[in-house]
Amino acid sequence: MLKSISPPPHHDIYSIEDLAQLIHDLKNVNGKARISVKLVSEVGVGTVAAGVAKARADHVTISGFEGGTGASPLTSLTHAGSPWEIGLAETQQTLLLNGLRTRIAVQVDGGLRTGRDVAIGALLGADEFGFATAPLIAAGCIMMRKCHLNTCPVGVATQDPVLRARFTGQPEHVINFFFFVAEELREIMAQMGFSTVNEMIGRVDRLDMNPALDHWKAQGIDLGRILYAAPAEAAKGLWNQDSQDHGLGKALDNTLIADARAALDGGAPMRGAYAVRNVNRTVGAMLSGEVARRYGHAGLPEDTISLKFHGNAGQSFGAFAARGVSLELTGDANDYVGKGLSGGRVVVRQPPQSRREPTENIIVGNTVLYGAIAGEAYFEGVAGERFAVRNSGAVTVVEGLGDHGCEYMTGGVVVVLGDTGRNFAAGMSGGVAYVYDPAGRFGDLCNTAMVALERVGPATPEPANASGASARPSQRSISVEDSGMGDMLRFDAERLRILIERHHRHTGSKRARDILDNWDEALGAFVKVMPADFRRALLELASDRETAAAVAAE
């Protein structure tokens, strides 16, 4: 069943600086992409749009209240936003008065249906125009407003094969609709004496409001502020003519890519060591973008590109790290470490000369592993707030974290070898977390609305090699789906030990070593956090497999 939320919440953005960092991250991983920010038409949207332009977005969309997908909550449809004309006019005026208009493309959407709407949008300052509802209706949509329920009766927004068979739309229907829109726009342009759309952009002086003001329904309405024309001396231009400078030429990744050329071209192993400072933002993202361009999500074999850094990393260290890329930092890092991790490995550990206690000191900032989908990360120290929010597949070990850990997590494995903040696992619907809780305080900090807590239990005896160490290979691949097979407690103990061994191998963690040396006692202090629905689904899946195997055996 397909469900979505519109508009979606972004838990990595709490300020214009956060937005600027996200734009920088995305531009690093794909320098050819146009980075767009969508804003709701409302009072003050012009100021926000100016901030978006200063944050170096390439494109901004002003969305009116009349549009909206069928997945939008009713409260958003009826109580959020204002007409697109108002928001667009404010945006155009604010960008012009601040000398920012030429740096960013402005799009308008939210209920555009006709060529006249396009003409008015252009005259108010839009470079581009978004259509959604009208083309959908041309394709057969009947506006049932239940796109999120998977029950669209005409087969437009559903994965149900029976309902999809009812879809009668054709590409020609949408093409025909846009031909009519373009034809009407051409007629209006001819009447006004414009030969190109660019000539129309921002020409509010060509909008006539007298007929509306003379109508009895419009008595008292003053459109003067909407049709205000910014002084010519304040405007460098009325439409988008320049490109944003994202500063990609100064990125440390340019050096990394040059050094890793043989690995990128032919898969030859590469090793490198570099100094890093907090001005070096988004280290590894541009390199990972190059890997993805050549090899897709499959990436390169593990540790093909192994990079060691020392110093204090800036924002988004290891963001979007691709398979085959390993980044190891000796020092500490700011926010967003491992954001969107996509199969690579990120390690941050204490400097060898450091005398601080890792479990009591922050080594990485807030919103670490936000939206990670694959890969692994090990942190010898404490992380800030919102750790592993929206993690959907990464495996990680950390020695403590702040508030809101594992919020909205949908997959992956998180091991915490220390204290957590409050509101742990809020909205967590998938994945598994293990928290080392010898003091028994974690139960009061965890949000149990969607998860269940249980002790991992005693350890299963392990075969030992000649040196007395565990003979289990610490390189074993760990998968969340395995938790539906066999004895759950035995598997939890086995997986936990493997991950802690890997954490110790990559970071030299004293806390990990102490736990491994006292494994039988320490294992009973771990609390397993697992979403109730996810657990039930795994058990049902395991039961179905056992039934199928029994039937096959008969």
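Before reading on, note that the structure itself is shown above.
This write-up is about the structure you can find in this document. No experiment lies behind these values; they were computed from the predicted model shown.

## Brief notes about the overall build of the protein
Step number 1: Counting its regular elements, the protein contains 17 helices and 16 strands.
Step number 2: For the C-alpha atoms alone, the extent of the protein along its principal axes is close to 95 × 60 × 50 Å.
Step number 3: Counting every position in the protein, which comprises 554 residues, the buried fraction comes to 49%.
Step number 4: Here the analysis covers contacts within the protein between residues at least 6 apart in sequence; of these, 56% occur between residues at least 24 apart.
Step number 5: Accessible surface for the protein amounts to roughly 26,200 Å². Of this, 54% is attributable to carbon and sulfur atoms.
Step number 6: If you average the places of the 54 positive and of the 63 negative side-chain charges in the protein, the two averages end up 3 Å apart.

## Things to note about helix 2 (residues 45-54)
Step number 1: For helix 2, the buried fraction is high: seven of the ten residues fall into the buried class.
Step number 2: Of the surrounding secondary structure, the elements contacted by the buried residues of helix 2 are helix 1 (16-29), strand 1 (36-40), strand 2 (59-63) and helix 4 (84-97).
Step number 3: Two residues or fewer after helix 2 comes Arg 56, characterised by a positive phi angle close to 75°.

## Brief notes about unusual backbone geometry
Step number 1: Residue Arg 145 is not a glycine yet carries a positive backbone phi of 60°.
Step number 2: Relative to the assigned elements, Arg 145 resides in the loop between helix 6 (133-138) and helix 7 (161-164).

## What to know about the nonpolar core
Step number 1: With 57 residues, the main nonpolar core has Ile 305, Phe 309, Phe 317, Phe 379, Phe 387, Phe 424 and Val 529 as its most contacted residues.
Step number 2: Ranked by size, the runner-up nonpolar core spans 42 residues in total, among them Ile 35, Ala 55, Ala 126 and Leu 185.

## Description of the side chain of Thr 282
Step number 1: Locating Thr 282 in the fold gives a position in the loop between strand 5 (270-276) and helix 13 (285-295).
Step number 2: What makes Thr 282 buried here is its relative accessible area of 0%.
Step number 3: Within the structure, the side chain of Thr 282 is placed 2.8 Å from the side chain of Asp 25, a separation counted as a polar contact.
Step number 4: In this structure Thr 282 touches Gln 21, His 24, Asp 25, Asn 28, Asp 253, Gln 315, Ser 316 and Ala 319, once residues within four positions along its chain are discounted.

## Describing the pairing of strand 12 (residues 392-398)
Step number 1: Burial of strand 12 is extensive: five of the seven residues sit out of reach of the surface.
Step number 2: Alignment of strand 10 (residues 374-379) against strand 12, held across four bridges, turns out to be parallel. Bridge pairing links Ala 377 to Thr 396 in strand 12.

## Overview of the side chain of Glu 399
Step number 1: Turning to its location among the elements, Glu 399 is positioned in the loop between strand 12 and strand 13 (410-416).
Step number 2: A distance of 2.4 Å separates the side chain of Glu 399 from the side chain of Ser 509, its partner in a polar contact.
Step number 3: In this structure Glu 399 touches Pro 358, Thr 359, Phe 379, Glu 380, Gly 381, Val 382, Leu 417, Gly 418, His 503, Ser 509 and Arg 511, once residues within four positions along its chain are discounted.

## Some details on the sheet that holds strand 1
Step number 1: Spatially, the four strands line up as an open sheet ordered 1-2-3-4, and their pairing is parallel. Each edge of the open sheet carries a strand with a single partner, namely strand 1 and strand 4 (128-129).
Step number 2: Taken together, the five bridges between strand 1 and strand 2 define a ladder with parallel strand orientation. Its bridge partner lying in strand 2, Val 37 is registered against Val 60.
Step number 3: Its contacts with the sheet place helix 4 against strand 2 and strand 3 (105-109), and it is angled at close to 170° to strand 3.

## Structural notes on the sheet that holds strand 5
Step number 1: Reading across from one edge, 5-6-7-8-10-12-13-14-16-15 is the order of the ten strands in this open sheet, with mixed pairing throughout. Looking at the sheet topology across the chains shown, the edges are occupied by strand 5 and strand 15 (451-455). On average, each strand axis in the sheet is inclined to that of its neighbour by 15°, with strand direction left out of account.
Step number 2: Each of strand 8 (342-349), strand 10, strand 12, strand 13, strand 14 (430-436), strand 15 and strand 16 (526-531) is contacted by helix 14 (residues 488-507), which is oriented at about 65° to strand 10, the strand it contacts most.

What counts and what doesn't
Residues numbered from 1 in each chain as written. Predicted model: local features only at pLDDT ≥ 70, side-chain atom pairs only at ≥ 80, totals over all residues. Heavy atoms only, no water. Helix = DSSP H or I, 4+ residues; strand = E, 2+ residues; numbered from the N terminus. Buried < 20%, exposed > 50% of the residue type's maximum accessible area, 1.4 Å probe, protein only. Contact = heavy atoms within 4.5 Å. Areas by Shrake-Rupley, 256 points an atom, 1.4 Å probe, with all protein chains shown as cover. Lys, Arg positive; Asp, Glu negative; His and termini not counted. Charge placed at Lys NZ, Arg CZ, Asp CG, Glu CD. Core = buried A, V, L, I, M, F, W, Y, C linked by side-chain atoms within 4.5 Å. Polar contact = N/O pair within 3.5 Å; in protein donor to acceptor, adjacent residues only side chain to side chain. Pairing = 2+ DSSP bridges. Axes fitted to C-alpha atoms, helices over the stretch in contact; angles between N-to-C directions.

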